[in-house]
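Fold and geometry: a report
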Amino acid sequence: MKGATFGEVFAVREFRVLFGSFVLLVGGDSIKMLALSVLVYTRTGSPGLAAAAYMAGWLPFIVGGLFLLSLADRLAPRALMVAGELVRAVTCLLLAYAGLPVWAMLALVLVTGVFSPVFFAARAAMLPEVLPGDAFVLGRSMLNVASASAQVVGLAAGGAFLAFAGPGGALAVTAGLSVVAALVLRFGLPYRAARGGARRGAVRQTLRVNRRLLADGRVRGLLLAGWLPCVCLAGAEAMVVPYMGGQGQAGVVLAVAACGMAAGEFAVGRFAAPGLRERLSLPLAVLLGVPWLAFALSPGVAWAAVLAAIGAAGLSYQLGLQRRFVDAVPEEVRGQAFGLQSAGLMTGQAAGAALVGVLGEAVAPGQAIALSGAAGVLVALALARVLRPTPEPAQLPA
């Protein structure tokens with residue numbers, strides 16, 4: 001499907017199934033984490049515990065990413081994805097109706113979240129099998145656009161469900177969405193065998209393959225190029241709430257940033273040819289940090305939203321890395337490679353937000369945001385050799 005279009009990609013039935021279930025997943029998770037945060041705050045009155053509850057779904061990614069990712073290649077992908085949806089449904093119902101104390105709720109989210117990287121890896125690794133060639137990159141673009149849109153809709157819907165049904169009702173809605181997604185995946189996808197053999201020792205195998213992937217200079221460079229600019233972006237976005245004085249205007253800025261991300265993904269995926277898309281990776285990665293520099297001048301909410309949207313649009317730089325990443329990793333460990341990519345990204349974003357949060361204690365929020373933007377520009381320039389596409393053999397001079 002070289003030079004494929006969005007219409008051709010969406011015509012693939014298996015992709016439509018993955019797309020629909022992914023939208024349900026992202027929207028449901030947005031509702032779930034918002035409802036859990038409100039539930040914990042209602043019971044404890046602690047802003048710190050409420051924030052911890054909101055972040056609890058991200059924290060286990062590092063554990064699952066380090067020790068369990070080989071399961072994504074050792075087990076059939078459809079069964080893994082269905083299992084992930086059912087685990088999410090049961091977790092939400094227990095949070096809503098089991099009457100668990102707060103510590104037990106957080107522990108439940110952390111324990112079940114350890115397997116999230118495996119479920120994500122199974123989905124991500126199946127995409128290049130369903131969409132070969134450039135169609136895979138367009139498919140990732142469509143999923144990224146859907147992710148941004150589903151987050152905005154999920155947060156809005158979560159607020160509505162919280163107002164009318166309370167946290168328990170919102171969590172029940174998420175459980176229902178997960179059950180629907182499980183049915184869509186089970187009856188919409190054909191059976192595919194596992195890519196890897198049934199070896200013993202999932203933890204040992206995960207550690208061994210992670211070392212193998214990170215020892216490969218090409219794979220390691222592409223992983224770092226996918227992680228580090230996003231760490232700086234997460235740090236800048238983490239400071240938006242204190243920058244806006246903790247007011248509701250921060251939600252406007254972050255929502256506009258999500259729209260900017262979706263617009264950038266759509267524009268680059270739709271209008272840039274495969275070669276141009278890869279050549280744009282470096283300038284777009286630099287763009288990811290540049291607009292945040294202007295926060296040193298203390299822009300108001302309107303300009304802050306515009307700058308955040310422009311910066312988030314630079315996330316489309318990752319589209320130029322996707323084909324190269326698929327080509328660089330061995331097929332038999334593709335699931336673990338995508339899982340490592342996702343786990344590192346989630347962990348890095350949490351670390352970036354935490355680091356800039358510490359920086360925000362020493363300097364004004366606007367200055368912390370500007371420093372995050374500067375770090376993003378420097379990181380992109382340092383990764384220039386990786387972000388620039390390598391010429392194909394036919395293009396090399398004699």
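Cut-offs applied
Residues numbered from 1 in each chain as written. Predicted model: local features only at pLDDT ≥ 70, side-chain atom pairs only at ≥ 80, totals over all residues. Heavy atoms only, no water. Helix = DSSP H or I, 4+ residues; strand = E, 2+ residues; numbered from the N terminus. Rg over C-alpha atoms; globule rule 2.2 N^0.38 Å. Buried < 20%, exposed > 50% of the residue type's maximum accessible area, 1.4 Å probe, protein only. Contact = heavy atoms within 4.5 Å. Areas by Shrake-Rupley, 256 points an atom, 1.4 Å probe, with all protein chains shown as cover. pLDDT = per-residue confidence, 0-100. Phe/Tyr/Trp six-rings, centres within 6.5 Å; stacked < 30°, edge-to-face > 60°. Core = buried A, V, L, I, M, F, W, Y, C linked by side-chain atoms within 4.5 Å. Patch = residues over 30% accessible without salt bridge, like charges linked within 9 Å, V, L, I, M, F, W, Y side chains within 5 Å. Salt bridge = Lys/Arg side-chain N within 4 Å of Asp/Glu carboxyl O. Axes fitted to C-alpha atoms, helices over the stretch in contact; angles between N-to-C directions. Parallel < 35°, antiparallel > 145°, perpendicular 65-115°, else oblique.

Notes on the overall build of the chain
The helix and strand tally for the chain stands at 20 helices and zero strands. Its C-alpha atoms give the chain a radius of gyration of 21 Å, within 12% of the compact-globule value 21 Å for 398 residues. When the backbone C-alpha atoms are referred to their principal axes, the chain occupies close to 70 × 55 × 40 Å. In the chain, buried positions account for 53% of the 398 residues. Here the contacts in the chain between residues at least 6 apart in sequence split such that 85% fall between residues at least 24 apart. Accessible surface, the chain: about 17000 Å² in total, of which carbon and sulfur atoms supply 69%.

Side note on unusual backbone geometry
Of note, S298 is a non-glycine position whose phi angle comes to about 55°, a positive value. As for its placement among the helices and strands, S298 is situated in the loop between α15 (281-287) and α16 (301-313). When its relative accessible area of 54% is taken as the criterion, S298 is described as exposed.

Quick look at the confidence of the model for the chain
Mean pLDDT over the chain works out to 87, with 92% of the residues at or above the 70 mark. For the chain, helix α3 (residues 47-55) is the element with the lowest average pLDDT, namely 62, and α15 is the one with the highest, namely 96. Between residues 393-398, whose pLDDT stays under 50, and residues either more than four places distant or in other chains, the model counts one contact.

A look at the side chain of T174
Mapped onto the elements, T174 comes out in helix α9 (residues 134-188). Once residues lying within four places of it in the same chain are set aside, the contact partners of T174 are G28, I31, K32 and C92.

Re the packing of aromatic side chains
This model, assessed by the stated rule, comprises nine aromatic pairs. With a centroid separation of 5.5 Å and an interplanar angle of 75°, the aromatic rings of F325 and F338 are classed as edge-to-face. Note that F325 is positioned in helix α17 (residues 319-328) and F338 in helix α18 (residues 334-359), a separation of 13 residues in sequence. Cluster of aromatic residues (ring-pair linked, three or more members): F6, F266 and F271.

As for the environment of G64
Tracing the sequence through the fold places G64 in helix α4 (residues 61-67). A sequence separation of 47 residues divides G64 from V111, and the C-alpha atoms of the two residues are 9.8 Å apart. In this structure, G64 is in contact with L69, V114 and P117, ignoring residues within four places of it in sequence.

A word on the nonpolar core
One finds F15, L131 and L387 to be the most contacted residues of the largest nonpolar core, which totals 94 residues. Ranked by residue count, the leading element in this core is α9, at eleven residues. Once residues lying within four places of it in the same chain are set aside, the contact partners of L131 are V9, V12, F15, F136 and G139. One finds A35, L95, A96 and A170 within the second-largest nonpolar core, a separate group that totals 19 residues.

Let's talk about a nonpolar patch on the surface
Residues I62, V63, L66, F67 and V203 make up a contiguous nonpolar surface patch of roughly 370 Å² in combined accessible area. Ranked by the residues each element gives to the nonpolar patch, the list is headed by α4, at four residues.

So, the pattern of salt bridges
Using the criterion set out here, one finds nine salt bridges in the structure. A salt bridge links E14 to R192; the nearest nitrogen and oxygen atoms lie 3.1 Å apart. Here the residue E14 occupies a position in helix α2 (residues 13-44), and R192 occupies one in the loop between α9 and α10 (202-215), the gap between them amounting to 178 residues. Judged by its relative accessible area of 18%, E14 falls in the buried class. Between R323 and E278 there is a salt bridge, and its shortest N-O distance comes to 2.6 Å.

Focus on α17
By the criterion of burial, α17 is predominantly enclosed, with eight of the ten residues buried. For α17, the complete set of buried residues consists of L319, G320, L321, Q322, R324, F325, V326 and A328.

Thoughts on the packing of α10 against helix α11 (residues 217-238)
Here α10 crosses α11 at 90°, and the two axes come no closer than 5 Å. The angle between α10 and α11 places the two elements in the roughly perpendicular class. Along its contact with α10, which presents L213, L214 and A215, the element α11 presents G217, V219, R220 and L223.

Some words on the environment of L282
Of note, L282 is situated in helix α15. Between the C-alpha atoms of L282 and Y317, which are 35 residues apart in sequence, the distance is 7.0 Å. Each residue touching L282, except ones within four places of it in the same chain, is listed here: A380, A384, L387 and R388.

Some details on the environment of G201
Looking at where G201 falls in the secondary structure, it is placed in the loop between α9 and α10. Residue G201 is classed as partly exposed on the basis of its relative accessible area of 40%. The spatial distance from the C-alpha of G201 to the C-alpha of A313 is 42 Å, given a sequence separation of 112 residues.

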